[in-house]
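Topology and contacts: notes
Single-letter residue listing:
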Number of protein chains: 2
Amino acid sequence: MASHPLAPLTASEITYAANLIKAGWPAHTNLHFKVITLEEPLKAQVLPYLAAEHSGEPLPRVSRKAFVNYYIRNTNKFHEAIVDLSAGRVERNVLLGKNFHANGDGEEIVAIEKVALEDEGVKAEIAKLKLPEGTVVISDPWIYGSDGIDDDDRMYQCFLYMRDPMNSSEADSNHYALPLPISPVISTESMTVIRIDTLPTGADNTIKEIEPYQIKPPNEYIPEYQKLRTDVKPLNVVQPQGASFTVTQQGTSSVLAWQKWQFRVGFNQREGMVLHDVRYDSRSLFYRLSLSDMNIPYADPRHPYHKKSAFDLGDAGAGIMANNLKLGCDCLGSIYYLDAVLSDDKGGVTPMENVVCIHEQDAGIGWKHTNYRTGRAAVVRSRELVLQSIITVSNYEYILAFIFNQAGEIDYEVRATGILSTQPVDDGVEVPFGTLVHPGVLAVHHQHIFSLRVDPMLDGYKNRLTYDEAHPMPRSDFNPHGIGYYVEETVVEESGGYDLDFDKNRTFKIQNAAVRNPVNGKPVAYKIQTPGFQKMLADKDSFHHKRAEFADHNIYVVKYKDDELFAGGKYTNQSRGGHGVRSWADRKDNVKDEDIVVFVQFGINHVPRIEDFPVMPCEILKVHMKPVNFFDKNPALDVPPSEQNFNKSVLVSQAHQQPSTEATVGGKGEVCCSSKL
Amino acid sequence: MASHPLAPLTASEITYAANLIKAGWPAHTNLHFKVITLEEPLKAQVLPYLAAEHSGEPLPRVSRKAFVNYYIRNTNKFHEAIVDLSAGRVERNVLLGKNFHANGDGEEIVAIEKVALEDEGVKAEIAKLKLPEGTVVISDPWIYGSDGIDDDDRMYQCFLYMRDPMNSSEADSNHYALPLPISPVISTESMTVIRIDTLPTGADNTIKEIEPYQIKPPNEYIPEYQKLRTDVKPLNVVQPQGASFTVTQQGTSSVLAWQKWQFRVGFNQREGMVLHDVRYDSRSLFYRLSLSDMNIPYADPRHPYHKKSAFDLGDAGAGIMANNLKLGCDCLGSIYYLDAVLSDDKGGVTPMENVVCIHEQDAGIGWKHTNYRTGRAAVVRSRELVLQSIITVSNYEYILAFIFNQAGEIDYEVRATGILSTQPVDDGVEVPFGTLVHPGVLAVHHQHIFSLRVDPMLDGYKNRLTYDEAHPMPRSDFNPHGIGYYVEETVVEESGGYDLDFDKNRTFKIQNAAVRNPVNGKPVAYKIQTPGFQKMLADKDSFHHKRAEFADHNIYVVKYKDDELFAGGKYTNQSRGGHGVRSWADRKDNVKDEDIVVFVQFGINHVPRIEDFPVMPCEILKVHMKPVNFFDKNPALDVPPSEQNFNKSVLVSQAHQQPSTEATVGGKGEVCCSSKL
């Protein structure tokens, strides 16, 4: 059976694409593949396919294509290619120019670590630290960043740490608690150390000679080194009749159905989870939903820290860094796992097991009303469907989730956790751009700025972006007491960046003006509720600002163009800017009642607390998308009432908090809110 | 055994207080009691008591006192009294002056409904509607509000609705879907209708003659009238070893202990849940936490709607309106309920069963890190303790909860649900201050502005309020690339109102400058993360603005004074302002390193969606309080690792989503993140 046009590449498609590329080069040419992934068909081809699919008509043929990035290994020859898998030919294969560099990959990063630690010059610098015998030094390769100074070539900047020297055999010792002031720079062409930076460790940018290391205490996060609390009792989530969702696996593509929702789940090296063709009760809502990119610029202006500004999707990849999720560890309840297959650096495949976990969760009360005259309460609980993926980016973790509920709402949730990126600091030094989180350890302030890509299809693909504002009415005969206010809607006509304004209750909505609510005649819409945050602090002339094209506005709206998926541009590593959403918005396209794409930015300015170390409690961010006059009443009105015979709750007695028999035989547990049913 | 000084009044204390008041009046004087509640002792008395309590020293004697409000029934003679229960005497008993009015109470509201519906004049107006035979008309008494026009006396404004005329026997028919244009005004002195307002139903403020009612469809919310979805499968929360918390009931007071947290729970007529003496790991954090008040002003400027501005705590009471929570309906899992006893209008007692439910919930992953070198993941789940209370204010519901976690964080959560306050509107009319949610039904825009009272005691009661801001560094030799930024702390010196500023990442913190973090020397602190919202829209000269003294700033800080608990003033019903937090802040007290109180405002501008009718899906608001350099590392570091043998998750297979046996016998379920343990 033919793959769905939006299905990720199969293992054989990946290797076939690689072989077609290899065949174009002399034998024994050593190619370093960076990505081999689905080249999504033009939307103009997919829309009729989806229409046919949903109406049961014969499906048009859409050819399968692969997008390929590769180098001639250990050269700067970086290529972008499109392979037509259906036709069995390379459709396009171009050498990219100056300042276009590929993401890092696992094999490369391990090799870079090795180069750094085996370099004689680096060893000589480390020797000056006079570390205890047997100390294990760790190298964390960092994306080099951009400052315009001798940085046209592709490089890595490594930061060095060590395991607890008193416990060197502990492979999971938290080396971030023991940073060292030495930073080797490595060329990916020569795979040699081309420079060794010494790090500033004082309050200013003075670089001191490397001195013998003053022994510092460790700060471990693994459980063996903690006195664990013993008073947490088990809490199990049990679904005796199984889960309420169904997953239909169609090759590498999965169709999910749950509580009137239906959508297709894909997975790729860069974005990880991608949702396509999101529908509710057979009405189309979104053509495509995915995390587009994120940027993490740091506050320390001193060399080489001034270059620290990561694009974790563009520079590495949310798919390839996805954790293999474990039942009962990462996921609680009745869990369904999705696997994926991605490419490796040699044109082979990397099987990715359990990269997405799917489960339901209770989200408290969904709605309730009590008629105080009769005492009757009507109450339903809110059930949610969660698709979760967790990525590890060296020191840091992101827990990424799409969450659906029974009221037609979608949340995108990010949980930031993991370990802070740390650097050495001299005793007694205080700086206004970082927090001392451990003796000798500075955690520098940094921003996390995320961009969620929303490609809407609200009852059709011609949509508009609007925003509502609430304004006080002037005093008048109509408003004599000065209390009136009104809501005014503005239609966004032109592509561009737009911002929240809480003082005006500015609320962005995606609308289909051609489809009206049957009751009140308003255009059907979804509103976007996104939390306030401080945008990019780096100045407009800085490389940080130029590169993070999404970081300066809460909302960007552009007219749809195929191949414009990544808000920071397709190639973010050591990028110069000019290829992301800010540049697309500058086209000043008409976006009123067109095929539009909305990029929603959110984030935090992470001013580290000592409580964020040695590992950080999740900081939770959520973007909500909610129907506004899209339905004709509360879509969760038909959720069955919350009842004890369904929920099986247990009454806890005072003594020892043991379940009391009373509960199961009624008593307080007996009378139930919808007892009239 | 003597009651704890902070324990709510017992039933006998309530009746004793009432009897002492009654004894001061001639026999047969008919008193209408509004509230008989604990008069909390002066903080100066409680602090030494708590110190003795926690150090196991002999407890100082603190006399028990009752706060009493009452009328000579059906007069304007409104009294405030303090009764010394220990001494058995009335300590103070004063007649309050003009424009001081009491809250409504249940018995009164039922009586007002009756007066409205039995009034001949009202019947005559209703007759003009020519409603079908047997139609049941419903009267919703509303707090009268203030406009300065003949409103010195205490009144109610009633809004009339009807049940579905085709189904008049349905006592739970949603009458808010069938509003009528007649609004009787009733005096609580004469208990008679003193005026009948006709409501504007057009786009302007024209008042039309009452015309025969054009029959409209119903819009029911109760389950019998829905085609319920059938595909939600049960989800049970099971704690086989019981809950992790303990409740120690000390008379009317309950001491809760959970995961290093300890606090005392009280409950009163006005605030409902009150938390006292909140400690973590024996360190004091908060003297008192409670919802102080809320204000809901409406946008329609036309008479009589311009007076709609409710203070649901001050005008009615979050305690007395608390729902009797049902196991398995309002609460899922292993539940412990708290009961309370409040006063009634005759000086007797009203037993309040199950007004607070206490349970644990899983909150997803608490923290995680994977060492990509060894592949070892360390992960813990986040367990939360929830204290939930639900209040019904006529048409509307609020679900109020304090939520504690294992990382030393406290959330205060509000879920807004229930039914919109509706009014009749002519066919085809559109107004910018409301949404048509059903044929003939207008739901007017309104604000919900909440005030959370935080009385801090971070390692002692002398605290300060500060705020951090992040600013870009100017370009310089130190910041040559324009990317640097720094965080600057400002100490709030004077009582006043302060606001968020997302563009500066302004973050408010409560600090104890006298206690320093052992590692980084920073003052111990808790930060307040509160969402942005649009503040009071009514203009500064309006009664709405004058009365809602908390509604114009995100944060108010004042120097502690006994008896200053309620941000909108002690008496909000038909209030004029001048007695709330804005007025207290105007004292310009020094609040640096003093005993301070912080009022945190949050809310929404509710622009109704048709999806909010006939009953509204919960709109969720959260205020977070998080430690900042209060501990010396992640307080949740000692949470045991998340493991399958503890969590008992189940692997779901594709076919029919049934639990697969595979899961329990290992396979994917076997390998667990902390398998090394």
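Residues numbered from 1 in each chain as written. Chains lettered and ligands numbered in written order. Predicted model: local features only at pLDDT ≥ 70, side-chain atom pairs only at ≥ 80, totals over all residues. Heavy atoms only, no water.

The subject of this paragraph is the overall build of chain A. Of the regular secondary structure elements, chain A holds nine helices and 33 strands. Taking 2.2 N^0.38 as the reference for a compact globule, 677 residues should give roughly 26 Å; the C-alpha atoms of chain A span a radius of gyration of 27 Å, in line with that estimate. With the principal axes as the frame, chain A shows a C-alpha extent of 85 × 70 × 60 Å. Looking at chain A as a whole, 66% of its 677 residues qualify as buried. The long-range share in chain A, meaning contacts at least 24 apart out of those at least 6 apart in sequence, stands at 66%. With an accessible surface of roughly 22300 Å², chain A has 52% of that area assigned to carbon and sulfur atoms. (Helix = DSSP H or I, 4+ residues; strand = E, 2+ residues; numbered from the N terminus. Rg over C-alpha atoms; globule rule 2.2 N^0.38 Å. Buried < 20%, exposed > 50% of the residue type's maximum accessible area, 1.4 Å probe, protein only. Contact = heavy atoms within 4.5 Å. Areas by Shrake-Rupley, 256 points an atom, 1.4 Å probe, with all protein chains shown as cover.)

Next up on the list: the interface of chain A and chain B. Facing the 201 residues of chain A at the interface are 201 residues of chain B. Regarding the contact of chain A and chain B, the summed buried area is about 16500 Å², with carbon and sulfur atoms giving 54% of it. When the buried area of chain A at its contact with chain B is split by residue, Arg229(A), Ile483(A) and Tyr485(A) rank highest and sum to 5% of it. Connecting chain A to chain B are 18 salt bridges. A salt bridge links Arg475(B) to Asp539(A); its shortest N-O distance comes to 2.7 Å. At the boundary of chain A with chain B, the tally comes to 119 residue pairs in polar contact (both at pLDDT 80 or more). Counting residues per element, the side of chain A that touches chain B draws most heavily on strand 17 (residues 349–371) of chain A, which supplies 14 residues. (Buried area = accessible area lost by both parts, 1.4 Å probe. Salt bridge = Lys/Arg side-chain N within 4 Å of Asp/Glu carboxyl O. Polar contact = N/O pair within 3.5 Å; in protein donor to acceptor, adjacent residues only side chain to side chain.)

If you walk through the whole model with that rule in mind, you get 51 aromatic pairs over all chains. Through a chain of ring-to-ring contacts, the aromatic side chains of Trp261(A), Phe263(A), Tyr280(A), Phe286(A), Phe404(A), Tyr526(A), Phe630(A) and Phe631(A) assemble into a single cluster. Over the ring of Tyr144(A) we find Lys307(A), and its NZ or CZ is 3.6 Å from the ring centre. The residue whose ring lies beneath Lys43(B) is Tyr560(B), and the NZ or CZ to ring-centre distance is 4.0 Å. (Phe/Tyr/Trp six-rings, centres within 6.5 Å; stacked < 30°, edge-to-face > 60°. Lys NZ or Arg CZ within 6 Å of the ring centre and 35° of its normal.)

Once that is clear, we can look at the environment of Pro41(B). All names here are of chain B. Tracing the backbone through its elements, the reader meets proline 41 in the loop between strand 1 (31–38) and helix 2 (43–55). Each C-alpha atom, one on proline 41 and one on arginine 64, is 7.6 Å from the other, the two residues being 23 residues apart in sequence. Setting aside residues no more than four positions away along its own chain, proline 41 makes contact with Pro5, Leu6, Val46 and Val62.

With that out of the way, let us pick up the environment of Lys260(A). Within the secondary structure, Lys260(A) is located in the loop between strand 11 (253–258) and strand 12 (261–268). Through-space distance from the C-alpha of Lys260(A) to that of Asn520(A) is 24 Å; in sequence the pair is 260 residues apart. Among all residues touching Lys260(A), those that are not within four sequence positions of it are Arg279(A), Tyr280(A), Asp281(A), Asp638(A) and Arg229(B). Only 2.6 Å separates the side chain of Lys260(A) from the side chain of Asp638(A), close enough to count as a polar contact.

Residues and elements named next belong to chain A. Summarizing the sequence annotation, UniProt attributes the feature "active site" (unreviewed entry) to Asp312 and Tyr396 in the numbering used throughout. Spatial clustering of the annotated residues is evident: they stretch over 85 residues in sequence, but the largest pairwise C-alpha distance comes to 10.1 Å. Tracing the backbone shows aspartate 312 in helix 5 (residues 312–316). Relative accessible area serves as the criterion here: at 7%, aspartate 312 is assigned to the buried category. (UniProt positions renumbered as here; feature names shortened; annotations may be inferred.)

On to the sheet that holds strand 8 (residues 192–198) of chain A. All names here are of chain A. With antiparallel pairing, four strands are arranged side by side in an open sheet as 5-6-7-8. The sheet is open, and its two borders are formed by strand 5 (137–143) and strand 8, each paired with just one other strand. The mean angle between the axes of side-by-side strands here comes to 30 degrees, regardless of whether they run parallel or antiparallel. Pairing between strand 7 (residues 182–187) and strand 8: six bridges, direction antiparallel. Note on strand 8: the bridge partner recorded for serine 183 is aspartate 197. (Pairing = 2+ DSSP bridges. Axes fitted to C-alpha atoms, helices over the stretch in contact; angles between N-to-C directions.)

Core analysis: the biggest nonpolar cluster contains 132 residues, and Trp261(B), Phe263(B), Ile358(B), Leu387(B), Tyr398(B), Phe404(B) and Val598(B) have the highest contact counts within it. Leave out the neighbours within four places in its chain, and Tyr398(B) touches Met294(B), Ile296(B), Asp312(B), Ser389(B), Ile390(B), Ile391(B), Val393(B), Val414(B), Arg415(B), Ala416(B), His448(B) and Phe450(B). In terms of nonpolar packing, the next biggest core, distinct from the first, is built from 131 residues, Ile112(A), Ile182(A), Leu313(A) and Leu385(A) among them. (Core = buried A, V, L, I, M, F, W, Y, C linked by side-chain atoms within 4.5 Å.)

This next bit is on the pairing of strand 16 (residues 334–343) of chain A. Counting buried positions over the 10 residues of strand 16 of chain A gives eight, a clear majority of the element. Sheet topology places strand 16 of chain A next to strand 33 (residues 650–651) of chain B; two bridges connect them, and they run parallel. Across the sheet, the residue bridging to Ile335(A) is Leu651(B), located in strand 33 of chain B. Where strand 16 of chain A and strand 17 of chain A come together, seven bridges link them in antiparallel fashion. Bridge assignment links Leu338(A) to a residue of strand 17 of chain A, and that residue is Val356(A). The antiparallel pairing of strand 16 of chain A with strand 17 of chain A creates a hairpin that spans five residues between the two strands, and Gly347(A) there sits at a positive phi of about 90 degrees.

Here we come to the confidence of the model for chain A. Residues and elements named next belong to chain A. Per-residue pLDDT for chain A averages 95, and the proportion of residues at 70 or more is 96%. Here residues 658–677 scores under 50 on pLDDT; set against residues more than four positions off or in separate chains, the count is 48 contacts. Listed scores for the predicted complex are pTM 0.97 and ipTM 0.96. (pLDDT = per-residue confidence, 0-100.)

What follows deals with the relation of the copies chain A and chain B. Expressed as a screw transformation, the operator carrying chain A onto chain B has a rotation angle of 180 degrees and an axial translation of 0.0 Å, and the superposed copies differ by an RMSD of 0.0 Å. Expressed as an axis order, the relation between the two copies is that of a two-fold axis. Across chain A, the rotation axis passes nearest the C-alpha of Val237(A), at a separation of 2.4 Å. Interface overlap between copies is the fraction of interface residues in one copy that are interface residues in the other; for chain A against chain B it reaches 100%, indicating a shared surface. (Least-squares fit on C-alpha atoms with pLDDT ≥ 70 in both.)

Evaluation of the coordinates by the stated rule reveals 113 salt bridges over all chains. For Lys570(B), the salt bridge is made with Glu80(B), and the minimal N-O distance between the two is 3.4 Å. Of this pair, Lys570(B) sits in the loop between strand 30 (555–559) and helix 7 (581–585) while Glu80(B) sits in strand 3 (residues 78–84); the two residues are 490 residues apart in sequence, bridging distant segments of the chain. With a closest N to O distance of 2.7 Å, Asp593(B) and Arg464(B) form a salt bridge. With Asp593(B) in the loop between helix 7 and strand 31 (594–606) and Arg464(B) in strand 25 (residues 462–472), this residue pair connects regions lying 129 residues apart in the sequence. Counted as one network, the salt bridges with shared partners bring together Lys34(A), Asp105(A), Glu108(A) and Arg154(A).

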